[in-house]
Amino acid sequence: VKLVPPKDKKIDTVILNGCECEPYITADHRVMLEYGEKVLSGLSIIKKVLSPDDVYIAIEDNKEDAIDHLEELVVSMGFKDEFKIIPLESKYPTGAEKTLIGTILGREVPIGGLPLDIGVIVQNVGTAKAIHDAIFEGKPLIERVVTVTGAVKNPKNLLVRLGTPLRSLIEYCGGIEGKANEIILGGPMMGISHYDLGFPVTKGTSCVLVKETIPVKEQECINCGRCLSVCPMNLMPTMFARYAKAGRYDACKEAYIDSCVECGTCAYACPARIPIVQYTKVAKSELSKRAANK
Ligand code: SF4
Ligand code: SF4
């Protein structure tokens, strides 16, 4: 969809997202270091397809080796006048699409809209590499880089065939250490828990995080306001949780739940341990069902 925007949407800017989407994950960092040429080659194809005025490559400023490597490649591959590398502060959730667009361009994606509504396409470095592989090597997406981290003996980034069971990745990294009882696919903020080691790696599996989780009981909201102060989208997360608990999904919509990027920062900051993102996801899902049934 991102490469075939509607005809009435002119794309003036492409941002290649080299920022990790969450803490713990280093897969994109590895892709930039190991496959920099392929990433830039894929980006040049994206540029040809979309003909934007500007192409930016966003990389967190703590990935100095990746910045240096891609800067050298941009020059040696003849893209000096076409691609501009933008180092960004390494602060979660820098890598979220809407945050990235706001930080680099100062533009705001409209509520319920997409980046292409404001003339922007954001692509991940892994996608750029996959485009290169498909076009120049005739290779479909059959593998991806996965960060295996947390309570494993030897955390690593692995190049993994899609469909490989999680068990194989964890065994390859020396097995589980300590009393870990939870596997999260994705990062600690937005990832989804899995308890089945036979579950396969998919194209969206950026990270396998093994950890020990101690169950905590949700408490009543104490109106401390922390969730509001940390929300990167300037929303009122506490209201989403309240409305969703009461089944007041329309009220969630009126409180701009569509602008929530599900970054999990609010839940992380909440002293009452309210799983705000889960409530948000439930509300969004209910609103989608209602919209589909209209
Ligand atoms: S998950 Fe919470 S902090 Fe993140 S955008 Fe949504 S409401 Fe805001
Ligand atoms: S951080 Fe938690 S306790 Fe504080 S206002 Fe938000 S939901 Fe309520």
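Keep in mind that this is a model prediction, so the values were computed, not measured.

Here is what the cut-offs are and how they apply
Per chain, residues are indexed from 1 in the order of the written sequence. Labels follow written order: the first chain is A, the first ligand is 1, and so on. Per-residue local features of the predicted model are confined to residues with pLDDT of at least 70, and side-chain atom pairs are confined, for both listing and counting, to 80 or more; whole-chain, interface and lining totals are unaffected and use all residues. Computation of side-chain values covers all heavy atoms of the structure but excludes hydrogens and water. Secondary structure elements are taken from DSSP: a helix is a run of H or I of four residues or more, a strand is a run of E of two residues or more, and numbering for both begins at the N terminus. For the radius of gyration, the atoms used are the C-alpha atoms, and the globule rule reads 2.2 Å times the number of residues raised to 0.38. Here a residue-residue contact requires only that any non-hydrogen atoms of the pair lie within 4.5 Å. Accessible areas in this description were obtained via Shrake-Rupley with a 1.4 Å probe; residue shielding takes into account the shown protein chains only. We treat Lys and Arg as the positive residues and Asp and Glu as the negative residues; His and chain ends play no part in the count. Taken as the charge location is NZ of Lys, CZ of Arg, CG of Asp or CD of Glu. Whether a residue is near a molecule or strand depends on its heavy atoms: it is near if one of them lies within 4 Å of it. Amino acids outside the nonpolar list (Ala, Val, Leu, Ile, Met, Phe, Trp, Tyr, Cys, Pro) and the charged list (Asp, Glu, Lys, Arg) are all regarded as polar, and Gly is one of them. Any helix carries an expected span of 1.5 Å times its number of residues minus one. Burial classes follow relative accessibility: with a 1.4 Å probe on protein chains only, a residue under 20% of its type's maximum area counts as buried, one over 50% as exposed, and anything between as partly exposed. Between N or O atoms, a polar contact is any pair within 3.5 Å; within protein, one atom must be a potential hydrogen donor and the other a potential acceptor, and residues adjacent in sequence are included only when both atoms are from side chains. Working definition of a nonpolar core: buried Ala, Val, Leu, Ile, Met, Phe, Trp, Tyr and Cys residues. They are joined through side-chain atoms within 4.5 Å. Note that the domain bounds reflect an automated or database-derived domain assignment. Summed over both partners, the accessible area lost on bringing two parts together, with a 1.4 Å probe, is the buried area. Salt bridges, as used here, are contacts in which a Lys or Arg side-chain nitrogen is within 4 Å of a carboxyl oxygen on Asp or Glu.

Tallying secondary structure elements over the chain gives 11 helices and nine strands in all. Taking 19 Å as the expected radius of gyration for a compact globule of 294 residues, we find that the chain reaches 20 Å, a close match to that expectation. Each principal axis of the C-alpha distribution contributes one length, and for the chain these read about 60 × 50 × 35 Å. When contacts within the chain are restricted to residue pairs at least 6 apart in sequence, those whose partners lie at least 24 apart make up 69%. As displayed, the chain has an accessible area near 15200 Å², and 52% of this comes from carbon and sulfur atoms. In the chain, the 36 positive side-chain charges and the 37 negative ones have mean positions that sit 6 Å from each other.

Contacts to ligand 1 come from Cys231, Pro232, Met233, Pro237, Phe240, Cys260, Val261, Glu262, Cys263, Gly264 and Cys266. Partitioned by chemical class, the residues of the shell around ligand 1 number nine nonpolar, one polar and one charged.

This part takes up helix α5 (residues 125-137). Taking 1.5 Å as the rise per residue, α5 with 13 residues should run 18 Å; its terminal C-alpha atoms sit 17 Å apart, in good agreement. Inspection of α5 places Val125, Ala128, Lys129, Ile131, His132 and Asp133 among the buried residues, and these make up the whole buried set. Each element contacted by the buried residues of α5 is listed here: β1 (13-17), α1 (27-34), α2 (36-50) and β4 (120-124). Two or three places before glycine 126, at the opening of α5, asparagine 124 has a side-chain oxygen 2.6 Å from that residue's backbone nitrogen. Glycine 138, located one to two residues past α5, shows a positive phi value of around 60°.

Mapped onto the secondary structure, lysine 63 falls in the loop between β2 (54-60) and α3 (64-76). Sequence-distant contacts of lysine 63, that is, excluding residues within four places in its chain, are made with Glu20 and His29.

Glancing now at the nonpolar core. If you look at the biggest cluster of nonpolar residues, it comprises 33 residues, and the most contacted ones within it are Val14, Leu43, Ile57, Ile59 and Phe83. When contributions to this core are tallied by element, the ones reaching two or more residues are β1, α1, α2, β2, α3, β3 (83-88), α5 and β9 (207-211). Counting residues per element, this core draws most heavily on α2, at six residues. Composition of this core by domain shows at least three residues from each of domain 1 (13-137) and domain 2 (143-211). Discounting chain neighbours no more than four positions away, the residues touching leucine 43 are Val14, Leu16, Val55, Ile57, Phe83 and Ala128.

Moving on: the domain arrangement of the chain. On domain assignment, one finds that the chain holds domain 1 (13-137), domain 2 (143-211) and domain 3 (226-293). Placing the centre of domain 1 and that of domain 3 at their C-alpha centroids yields a distance of 29 Å. Taken together, the contacts link five residues of domain 1 with nine residues of domain 3. Each partner contributes to the roughly 630 Å² buried at the junction of domain 1 and domain 3, and carbon and sulfur atoms together form 69% of this total. For the domain 1 face of the interface with domain 3, the top three residues by lost area are Tyr92, Lys98 and Ile111, together amounting to 66%. Between domain 1 and domain 3 we count zero salt bridges in total. For the pair domain 1 and domain 3, the interface holds one residue pair in polar contact (both at pLDDT 80 or more).

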